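Given next are the chains, with one letter for each unit.
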Amino acid sequence: MVIHDRRVMRGMTRVMAGLGRDYAHRMSTRLDELRAEYKRLINSMEFGYAMGHSRTIGRDPRLQPVVDRVDELRREIAILEQNEE
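Residues numbered from 1 in each chain as written. Predicted model: local features only at pLDDT ≥ 70, side-chain atom pairs only at ≥ 80, totals over all residues. Heavy atoms only, no water.

Asks: Could you clarify how one ought to interpret the overall build of the protein chain in this entry?
Replies: Looking only at helices and strands, the protein chain features three helices and zero strands. Listing the helices and strands of the protein chain from first to last along the sequence gives α-α-α. Per-residue burial for the protein chain yields a buried fraction of 21% across its 85 residues. Of all intrachain contacts in the protein chain linking residues separated by at least 6 positions in sequence, the fraction that spans at least 24 positions is 64%. In the form shown here, the protein chain has an accessible surface area of approximately 6900 Å², with 58% of it arising from carbon and sulfur atoms. (Helix = DSSP H or I, 4+ residues; strand = E, 2+ residues; numbered from the N terminus. Buried < 20%, exposed > 50% of the residue type's maximum accessible area, 1.4 Å probe, protein only. Contact = heavy atoms within 4.5 Å. Areas by Shrake-Rupley, 256 points an atom, 1.4 Å probe, with all protein chains shown as cover.)

Set out below in structure tokens:
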């Protein structure tokens, strides 16, 4: 009976370790997706125009969602990078 319990515990440990790897993989995949979206938005004409417009004339409310999304992405990426360390 004791041998059986040890095998069960080893199996559970392996399962839990596998879940940890899956979680880490999902987090790194999520981080890659966020970085790709961030890069796409930062290099977009909409974001460039919003940044230039805000420094000369003022904020353009039509482009505010793009700026807000970039700020959101920066925060999410920072949190995930901190969790990776």
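Asks: Looking at this model, I keep getting lost on a negative patch on the surface. Mind explaining?
Replies: Taken together, the side chains of Asp32, Glu33, Glu84 and Glu85 present a region of like negative charge at the surface. If you trace the backbone, Glu33 turns up in helix 1 (residues 2–42). (Patch = residues over 30% accessible without salt bridge, like charges linked within 9 Å, V, L, I, M, F, W, Y side chains within 5 Å. Salt bridge = Lys/Arg side-chain N within 4 Å of Asp/Glu carboxyl O. Lys, Arg positive; Asp, Glu negative; His and termini not counted. Charge placed at Lys NZ, Arg CZ, Asp CG, Glu CD.)

Asks: Looking at this structure, I do not really get the nonpolar core. What am I missing?
Replies: Burial of nonpolar side chains together is a common tendency in soluble globular proteins. Within the largest apolar cluster, 13 residues are counted, with the highest numbers of intra-cluster contacts made by Leu34, Leu41, Phe47 and Val67. Among the secondary structure elements, those contributing two or more residues to this core are helix 1, helix 2 (45–56) and helix 3 (64–84). It is helix 3 that contributes the most residues to this core, six residues altogether. Residues within four places of Leu41 in sequence aside, it is in contact with Phe47, Val66, Arg69, Val70 and Leu73. (Core = buried A, V, L, I, M, F, W, Y, C linked by side-chain atoms within 4.5 Å.)

Asks: Help me understand the environment of Val67 in this model?
Replies: Relative to the helices and strands, Val67 resides in helix 3. The spatial distance from the C-alpha of Val67 to the C-alpha of Leu41 is 8.8 Å, given a sequence separation of 26 residues. Contact partners of Val67, with chain neighbours within four places excluded, come to Phe47, Ala50, Met51 and Arg59.

Asks: What should I look at first to understand the side chain of Ser44 in this one?
Replies: Along the polypeptide, Ser44 turns up in the loop between helix 1 and helix 2. A relative accessible area of 17% means that Ser44 is categorised as buried. From its side chain, Ser44 meets the backbone oxygen of Leu41 in a polar contact 2.7 Å long. (Polar contact = N/O pair within 3.5 Å; in protein donor to acceptor, adjacent residues only side chain to side chain.)

Asks: I keep staring at the pattern of salt bridges and nothing clicks. Help me out?
Replies: Charged atoms that come close allow side chains of opposite charge to pair. Tallying each qualifying case throughout the model produces seven salt bridges. Across the pair Glu72 and Arg69 runs a salt bridge whose closest N-O atoms are separated by 2.8 Å. Here Glu72 and its partner Arg69 are both found in helix 3, three residues apart, which amounts to about one turn of the helix. Given a relative accessible area of 34%, Glu72 falls into the partly exposed group. A salt bridge links Arg74 to Asp71, with the nearest nitrogen and oxygen atoms 3.5 Å apart. Of this pair, Arg74 and Asp71 are both found in helix 3, three residues apart, which corresponds to roughly one turn of the helix.

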